[in-house]
Amino acid sequence: QVQLVESGGGLVQPGGSLRLSCAASGIIFSRHAMGWYRQAPGKQRELVAQITSGSSTNYVDSVKGRFTISRDNAKNTVYLQMSSLKPEDTAVYYCFARKDPSPGVDYWGKGTLVTVSS
């Protein structure tokens, strides 16, 4: 049974930082690209960042220079370090796994809420 379990969400003030974690089980982690989507109220889900099995990364333009994605294959965990947070980063963040090199998402986490507000 595949599980992706996110943690680290919460309430943070503008300009603050949070680190999201996603622990995976039931998959060969090192063979999967991992990443994060987010969905804000009333908006479509968007890809925030992903890291391939070879550790190549890409980001949506709005988070470049502020967010960093990384992975620890020994811990089967992917991280999203978020800094200089803005109110527009408020969303539910969903972890995903995609078996490289297939383009489609294979597995989703249940999401963790990030709220950026003073």
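In the block above lies the structure referred to throughout.
Remember, it's a predicted structure, so these values are computed and weren't measured experimentally. (Residues numbered from 1 in each chain as written. Predicted model: local features only at pLDDT ≥ 70, side-chain atom pairs only at ≥ 80, totals over all residues. Heavy atoms only, no water.)

Peer 1: Break down the pattern of salt bridges for me, citing the residues and quoting the values.
Peer 2: Enumeration according to the criterion identifies five salt bridges in this entry. One salt bridge in this structure joins Asp 61 and Lys 64, with 2.9 Å as the shortest N-O distance. The exposure class of Asp 61 is exposed, given its relative accessible area of 61%. The closest approach of N and O atoms between Asp 100 and Arg 98, which form a salt bridge, is 3.0 Å. (Salt bridge = Lys/Arg side-chain N within 4 Å of Asp/Glu carboxyl O. Buried < 20%, exposed > 50% of the residue type's maximum accessible area, 1.4 Å probe, protein only.)

Peer 1: Give me the nonpolar core: which residues, what numbers.
Peer 2: Core analysis: the largest hydrophobic core is formed by 28 residues, its most contacted members being Met 34, Trp 36, Val 78, Leu 80, Met 82 and Tyr 93. Mapped by element, the contributors of at least two residues to this core are strand E3 (18-25), strand E4 (32-39), strand E5 (46-51), strand E7 (67-72), strand E8 (77-82), strand E9 (91-99) and strand E11 (112-116). Setting aside residues no more than four positions away along its own chain, Val 78 makes contact with Leu 20, Ser 21, Cys 22, Phe 29, Met 34, Trp 36, Ile 51, Ile 69, Ser 70, Arg 71 and Cys 95. (Core = buried A, V, L, I, M, F, W, Y, C linked by side-chain atoms within 4.5 Å. Helix = DSSP H or I, 4+ residues; strand = E, 2+ residues; numbered from the N terminus. Contact = heavy atoms within 4.5 Å.)

Peer 1: Quick one: what's the story with the sheet that holds E8, residue by residue and with numbers?
Peer 2: The antiparallel open sheet is built from four strands, whose spatial order is E1-E3-E8-E7. Every interior strand has two partners, whereas the edge strands, strand E1 (3-7) and E7, have only one. Taking each pair of neighbouring strands and ignoring which way they run, the sheet shows an average axis angle of 15 degrees. Pairing of E3 with E8, which is carried by six bridges, proceeds in the antiparallel orientation. Residue pairing for E8: Cys 22 is matched across the bridge by Val 78. (Pairing = 2+ DSSP bridges. Axes fitted to C-alpha atoms, helices over the stretch in contact; angles between N-to-C directions.)

Peer 1: Give a detailed account of the side chain of Asp 89, specifying residues and quantitative values.
Peer 2: Relative to the elements of secondary structure, Asp 89 occurs in the loop between E8 and E9. There is a polar contact of 2.8 Å between the side chain of Asp 89 and the side chain of Arg 66. Residues contacting Asp 89, with those up to four places away along its chain left out, are Arg 38, Arg 66, Phe 67, Ser 84, Val 114 and Val 116. (Polar contact = N/O pair within 3.5 Å; in protein donor to acceptor, adjacent residues only side chain to side chain.)

Peer 1: Residue-level account of the pairing of E3, with values.
Peer 2: Here E1 runs beside E3; their pairing, made up of five bridges, is antiparallel. Directly across from Glu 6, in E3, lies its bridge partner Cys 22.

Peer 1: Outline the packing of aromatic side chains, listing residues and values.
Peer 2: This model, assessed by the stated rule, comprises three aromatic pairs. Ring plane angle 65 degrees and centroid distance 5.2 Å describe the contact between Tyr 37 and Phe 96, whose orientation is recorded as edge-to-face. Linking Tyr 37 in strand E4 with Phe 96 in strand E9, this pair joins segments that are 59 residues apart in sequence. When sorted by exposure, Tyr 37 lands in the same class as Phe 96, which is buried. A centroid spacing of 6.1 Å and a plane angle of 55 degrees characterise the contact between Phe 96 and Trp 108, whose relative ring orientation is tilted. Of this pair, Phe 96 sits in strand E9 while Trp 108 sits in strand E10 (residues 107-108), and the two are 12 residues apart along the sequence. A network of ring pairs unites the aromatic residues Tyr 37, Phe 96 and Trp 108 as a single cluster. (Phe/Tyr/Trp six-rings, centres within 6.5 Å; stacked < 30°, edge-to-face > 60°.)

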